[in-house]
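Coordinate analysis (summary)
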Amino acid sequence: MTIRDEHAGSPDIGEMERGTPHRLAARNGMWNLAWTALCVLLSVWSVAWAIGAARGSTDAWAYCFAGLVLLACALWARRSAIRNSPPRHL
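Before going into details, it helps to say that this report is about the structure given with it. Remember, it's a predicted structure, so these values are computed and weren't measured experimentally. (Residues numbered from 1 in each chain as written. Predicted model: local features only at pLDDT ≥ 70, side-chain atom pairs only at ≥ 80, totals over all residues. Heavy atoms only, no water.)

Positionally, Asn 84 belongs in helix H3 (residues 60-84). On the accessibility criterion, Asn 84 (62% relative accessible area) is exposed. Separated by 56 residues in sequence, Asn 84 and Asn 28 have C-alpha atoms that sit 9.4 Å apart. (Helix = DSSP H or I, 4+ residues; strand = E, 2+ residues; numbered from the N terminus. Buried < 20%, exposed > 50% of the residue type's maximum accessible area, 1.4 Å probe, protein only.)

Put into structure tokens, the structure is as follows:
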């Protein structure tokens, strides 16, 4: 028995129609990925401006503080998205 034979009998994931569990799981996964990417981007931005402030750049602390505020908002939204997602054991 080959690997192709083993997977030939496996059912497909089904239709991705509106309201199906697969579509909801895919949408929630994309939101989670988007919020995670935004959190990473904002944390890198804040660290970069903090390094700039340590080197003596003008107004760098303001940009660092703004990045930290936006990062806190993005982390809160990501946590809420994960908490409000449907359970994975349907």
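What follows picks up the thread again.
Using the criterion set out here, one finds 2 aromatic pairs in the structure. Geometrically, the ring pair formed by Trp 31 and Trp 35 is stacked, given 6.4 Å between the ring centres and 25° between the ring planes. Here Trp 31 and its partner Trp 35 are both found in helix H2 (residues 21-55), 4 residues apart, which amounts to about one turn of the helix. Judged by its relative accessible area of 46%, Trp 31 falls in the partly exposed class. (Phe/Tyr/Trp six-rings, centres within 6.5 Å; stacked < 30°, edge-to-face > 60°.)

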